[in-house]
Amino acid sequence: MYKRILIATDGSPLSDKAVDSGLSLAALTGASVVALKVVPRYPRSYFEGGLPVDAGDIKRIEGQWGDAAQALVDAVKAKGTEHGVTVKAVTAKSDMVAEAVIAAAKKHKCDLIVMASHGRKGLKRLLLGSETQHVLTHSHIPVLVLR
């Protein structure tokens with residue numbers, strides 16, 4: 001049924017449920033998995049005209065974020081091994097999470113995207129957005145959403 005499943009994770013408990021479900025589905029269908037964590041870029045300054053952050057500090061912080069993201073997808077890979085599933089651990093650096101998820105799914109020729117939705121509504125959704133909703137409406141690849 002599926003040959004390659006992309007599982008997007010952010011390390012939250014809800015996202016962990018999506019990881020577990022995606023790995024179970026991969027084990028049932030014999031699919032391989034691409035585990036993805038999107039890492040944001042560090043903001044250069046918080047306010048227009050604000051003091052810029054030291055370039056060395058930015059590099060160090062982004063390095064820490066990248067290392068944490070790699071550890072997260074490596075943990076998904078280890079969990080996949082326990083399920084007998086081949087997992088490729090991938091990170092992407094982008095401020096546009098949904099676009100990075102879609103691009104990774106295309107790049108790795110995935111035929112399903114599995115991700116969680118925090119189910120934000122009202123003002124929270126307006127202010128924080130919905131990456132899952134963006135993926136659902138802009139991806140040509142089917143998306144399995146867990147809540």
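Criteria and cut-off values
- Residues numbered from 1 in each chain as written.
- Predicted model: local features only at pLDDT ≥ 70, side-chain atom pairs only at ≥ 80, totals over all residues.
- Heavy atoms only, no water.
- Helix = DSSP H or I, 4+ residues; strand = E, 2+ residues; numbered from the N terminus.
- Buried < 20%, exposed > 50% of the residue type's maximum accessible area, 1.4 Å probe, protein only.
- Contact = heavy atoms within 4.5 Å.
- Areas by Shrake-Rupley, 256 points an atom, 1.4 Å probe, with all protein chains shown as cover.
- Expected span 1.5 Å × (residues − 1).
- Salt bridge = Lys/Arg side-chain N within 4 Å of Asp/Glu carboxyl O.
- Pairing = 2+ DSSP bridges.
- Axes fitted to C-alpha atoms, helices over the stretch in contact; angles between N-to-C directions.

*Asks:* Which residues make up the overall build of the chain, and what values go with them?
*Replies:* Counting its secondary structure elements, the chain contains five helices and five strands. Tracing the chain from N to C terminus, the helices and strands come up as β-α-β-α-β-α-β-α-α-β. In the chain, buried positions account for 37% of the 147 residues. In the chain, the share of contacts with a sequence separation of at least 24, taken over all contacts with a separation of at least 6, comes to 75%. In the form shown here, the chain has an accessible surface area of approximately 8800 Å², with 57% of it arising from carbon and sulfur atoms.

*Asks:* Could you give an account of helix α2 (residues 55-82), with specific residues and numbers?
*Replies:* Look at α2: 41 Å from first C-alpha to last across 28 residues, which is about the 40 Å you get at 1.5 Å a residue. Restricting attention to buried positions, one finds in α2 the residues I58, I61, E62, A69, V73, V76 and G80. Contact partners of the buried residues in α2: α1 (13-29), β2 (32-39) and β3 (87-93). G84 lies just past α2 and shows a positive phi near 75°.

*Asks:* Give a description of the pattern of salt bridges that names residues and reports values.
*Replies:* On inspection of all chains with the given rule, the structure shows three salt bridges. In this structure, D57 and R60 form a salt bridge, with 3.7 Å as the shortest nitrogen-oxygen distance. Separated by three residues within a single helix, D57 and R60 lie in helix α2, roughly one turn from each other. Among the residues examined, R60 registers a relative accessible area of 45% and is labelled partly exposed. For E62, the salt bridge is made with K93, and the minimal N-O distance between the two is 3.4 Å. Of this pair, E62 sits in helix α2 while K93 sits in strand β3, and the two are 31 residues apart along the sequence. On the accessibility criterion, E62 (12% relative accessible area) is buried. With relative accessibility at 42%, the residue K93 sits in the partly exposed group.

*Asks:* Just give me the short version of the sheet that holds strand β5 (residues 143-146), but keep the residues and values in it.
*Replies:* Strand order across the open sheet formed by five strands is β3-β2-β1-β4-β5, with parallel pairing between neighbours. Every other strand in the sheet has two partners, leaving β3 and β5 as the edge strands with one partner each. In this sheet, adjacent strand axes meet at a mean angle of 20° when their direction is disregarded. Strand direction decides the pairing type here: strand β4 (residues 112-116) and β5, joined by four bridges, are parallel. Bridging from a neighbouring strand, A116 pairs with L146 of β5. Across the face of the sheet, α1 comes into contact with β1 (4-8), β2, β3, β4 and β5 while running at roughly 170° to β1. Its contacts with the sheet put α2 on β2 and β3, and the angle it makes with β3 is roughly 160°.

*Asks:* Describe the pairing of β4, with residues and values.
*Replies:* For β4, a buried count of five out of five residues is recorded, marking the element as mostly surrounded by other parts of the structure. Residues L112, V114 and A116 of β4 are buried on one face, and the alternating residues I113 and M115, pointing to the opposite face, are buried as well. In terms of strand pairing, β1 meets β4 through three bridges, oriented parallel. Note on β4: the bridge partner recorded for I5 is L112.

Honestly, that's just the spatial picture; any functional story needs more than this.
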